[in-house]
There are 2 protein chains.
Amino acid sequence: MNKFLTYRQAGVDIDLASQCVQDISPLQKSTEGRFRLSNAFGQFTANCDLSGYKAPVITATCDGIGTKLELLVEHDLLETAGADLVAMNVNDVLTANAAPVMFLDYIGMPSLDRAVVRRLISGMTDALKSCGCVLGGGELAEMPTASSIELSGFCVGVAEKENVPDISSIRPGDSVWGIPSDGFHANGFSLIRNILKEHPELLSESETAELLKPARIYHPEVQILKKLKISVKGMAHVTGGGIAGNLKRILGIHGAELVIPRWNSPAARKILANVDVNEALKVFNMGIGWLIVNDGADIPSPAIRLGNVSQQPDVQVRVKS
Amino acid sequence: MNKFLTYRQAGVDIDLASQCVQDISPLQKSTEGRFRLSNAFGQFTANCDLSGYKAPVITATCDGIGTKLELLVEHDLLETAGADLVAMNVNDVLTANAAPVMFLDYIGMPSLDRAVVRRLISGMTDALKSCGCVLGGGELAEMPTASSIELSGFCVGVAEKENVPDISSIRPGDSVWGIPSDGFHANGFSLIRNILKEHPELLSESETAELLKPARIYHPEVQILKKLKISVKGMAHVTGGGIAGNLKRILGIHGAELVIPRWNSPAARKILANVDVNEALKVFNMGIGWLIVNDGADIPSPAIRLGNVSQQPDVQVRVKS
């Protein structure tokens, strides 16, 4: 027996890692469109040439999908995990009226599983293609000490300086608009998982599928605002903290008084029956995943006018009875 | 008893999360220098104005610190984990001759620990200040399902297009230079941990400290190249894959013949005694953490001339006997 230890004996398989990278290459290639890497995929950095911009402002975000990941793994919905990871990051970038340029992912696994990696990445690349963002690169870490998949994502966007919404221009009386979500997106799942643990039969199969749908990417809606030249003072992505918590991030000293429609989703209704409405408003998006503040000019459907910015500092949200 | 479930009962403490963010704010502020956020910290995105650049190319990287994290947690060296995370990402950005602009971190924890978060972040911000990079933001995820700390990082850099090294200009006969590492940095720790499990008494206290030192950030060395107007054709950060694996990423069809000095570190000597040298060359940096390829013009100490680019496609590395 050899007295020397190898990396493979220590649980790290470099050859398998390079096979995974080979699998990712064509998927990465498929995301090169509006933006493309100016160097080869798999270098130390992912480079993108922004010299076409007059006065570029870059925007960066970092997010995961929380414990929704556990449920998605349990239901073998790995592509959805990838899509959610992209959505949670790209939506943040879109709040700055920026184009998502490059996305990078971090995947940590107890031991590399080529099929799992490919499915996660293909979920990401499908979502990235839908919004013109290129897969820049990422890190695939074999972590023999981890107990499950670790997943986090990063996105860089770019905007012309003059197009970044000026949240300091928000005034009492401005309109607040909401755009429907595609379900719970990837927030509040620690609470949802606990409810499902107490009530394992709560949701039917179709309701479970609805619960686990990937988060919507609000790229088409933001594009329409640009196309119609509707100027916005601020946009918010409704994640943990709910409508009030996330709107407050852009309102500064102001508040708002909002009335939202009842959430018209069978899965959501059943989950919400187990949570106090004030708690639910703080944790879930309540059917509204995107908020826009403007001077009152009409925004076409699916946007809904929810109310107005107010002088008092609180954001009050009431569900329409 | 209330029939409703709360987020706190489900293991997620939103108030504690916001206390953590308050702790981070002054640390974040301390990193605003050459680059600064053009919006408030804690918004959906971290924005940075690059309109001063003529033809900006942005560079993005994503990395973790592998299973070195386990050892650092075990030895209560959380600041080092933060510093390593920054170094692993910033060094990748530096290979493109880019200035590191914004760094974002992802921290996942089974339950939030305010002191742990503060110590991780302060390790990051100290490292970021040393290279003029701003802490843009990050994600702090309470993951009741995780077994330990999850840590990943992300860095965006910027360079004028004309300053990005052109690796396609590399030719046989070009010189390859190395710059010493500060130990193992954050690679090969699954193997190191296995060796230490088999030989728990292998390292003295001072050797363990040396083993766990944070990775060096090669910002000063790259600055000196700029200052002395030494033009480079390519730079490589020596991580997993070793000198040959990482140099090969920039050499393309070419190879190299290199001779490196013996690694003059007591901890490294003891670890290397348990690994076949060919395996060690593939896994560890072997005392050389940074590589520079140029036309042969002298580079001042601590750079060492290791050899030349060759016609044949292999990178051969020999340890000086």
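Residues numbered from 1 in each chain as written. Chains lettered and ligands numbered in written order. Predicted model: local features only at pLDDT ≥ 70, side-chain atom pairs only at ≥ 80, totals over all residues. Heavy atoms only, no water.

## Here's the deal with the domain arrangement of chain A
All names here are of chain A. Applicable threshold: An automatic or database domain assignment provides the domain bounds reported here. We call two residues contacting when some pair of their heavy atoms lies within 4.5 Å. Buried area is calculated as the accessible area (1.4 Å probe) missing from two parts once they are joined, with the contributions of both summed. A carboxyl oxygen of Asp or Glu within 4 Å of a side-chain nitrogen of Lys or Arg is what we treat as a salt bridge. Think of a polar contact as two N or O atoms within 3.5 Å of one another; within protein, one of them needs to be a possible hydrogen donor and the other a possible acceptor, and neighboring residues in sequence only count if both atoms come from side chains. Here a strand is any run of E in DSSP of at least two residues, a helix any run of H or I of at least four, and the numbering for each starts at the N terminus. Amino acid classes used here: Ala, Val, Leu, Ile, Met, Phe, Trp, Tyr, Cys and Pro are nonpolar; Asp, Glu, Lys and Arg are charged; the rest, including Gly, are polar.
The domains assigned to chain A are domain 1 (14-163) and domain 2 (167-319). Of note, the centres of domain 1 and domain 2, computed from C-alpha atoms alone, are 25 Å apart. Counting from both sides, the interface comprises 24 residues of domain 1 and, opposite them, 25 residues of domain 2. Roughly 2000 Å² is buried in total at the junction of domain 1 and domain 2, and carbon and sulfur atoms are behind 67% of that figure. Here domain 1 is connected to domain 2 by 0 salt bridges. Taken together, domain 1 and domain 2 are joined by 8 residue pairs in polar contact (both at pLDDT 80 or more). Broken down by element, the side of domain 1 that touches domain 2 gets its largest block of residues, 10 residues, from helix H3 (residues 78-94). When its residues are assigned to classes, the side of domain 1 that touches domain 2 shows 13 nonpolar, 7 polar and 4 charged.

## Overview of the interface of chain B and chain A
Contacts between the two partners involve 77 residues from chain B, matched on the other side by 78 residues from chain A. Note on chain B versus chain A: buried area summed over both sides is about 6200 Å², and carbon and sulfur give 62% of it. If you sort the residues of chain B by the area they bury against chain A, Leu5(B), Phe44(B) and Ile58(B) come out on top, with a joint share of 14%. Linking chain B with chain A are 2 salt bridges, by the criterion used here. A salt bridge links Lys161(A) to Asp49(B); the nearest nitrogen and oxygen atoms lie 2.7 Å apart.

## Focus on the sheet that holds strand S9 (residues 288-294) of chain A
Residues and elements named next belong to chain A. What counts is decided by this rule: At least two DSSP bridges between two strands are required for those strands to pair. All axes are obtained by fitting lines to C-alpha atoms, using only the stretch in contact for helices, and the reported angles, taken between N-to-C directions, cover 0 to 180 degrees.
Taken in spatial order, the 6 strands make up an open sheet running S7-S9-S6-S10-S8-S11, and their pairing is mixed. Each edge of the sheet is formed by a strand with only one pairing partner; in this case those strands are strand S7 (234-237) and strand S11 (315-319). Looking at each pair of strands side by side, their axes are set apart by 20° on average, direction ignored. In this sheet, S9 lies alongside S7 in antiparallel orientation, the contact comprising 4 bridges. Following the sheet pairing, Met 235 is matched in S9 by Ile 292.

## Some words on the packing of helix H3 (residues 78-94) of chain B against helix H4 (residues 114-130) of chain B
Axes are the key here: two packed helices are described by the angle between their axes and the distance separating the axes. Residue and element names in this part refer to chain B. Applied cut-off: Working definition: roughly parallel below 35 degrees, roughly antiparallel above 145 degrees, roughly perpendicular at 65 to 115 degrees, and oblique for all remaining angles. Two helices cross in a left-handed way if the nearer one is turned anticlockwise from the farther one by less than a right angle. They cross in a right-handed way if the turn is clockwise.
Between H3 and H4, the shortest axis-to-axis distance is 7 Å and the interhelical angle comes to 45°. The angle between H3 and H4 falls in the class oblique. The handedness of the crossing between H3 and H4 comes out as right-handed. Contact residues: Leu 78, Glu 79, Ala 81, Gly 82, Ala 83, Leu 85 and Val 86 in H3; Val 116, Arg 119, Leu 120, Ser 122, Gly 123, Met 124, Ala 127 and Leu 128 in H4. Among the residues making up the contact of H3 with H4, the classes are represented as 10 nonpolar, 3 polar and 2 charged.

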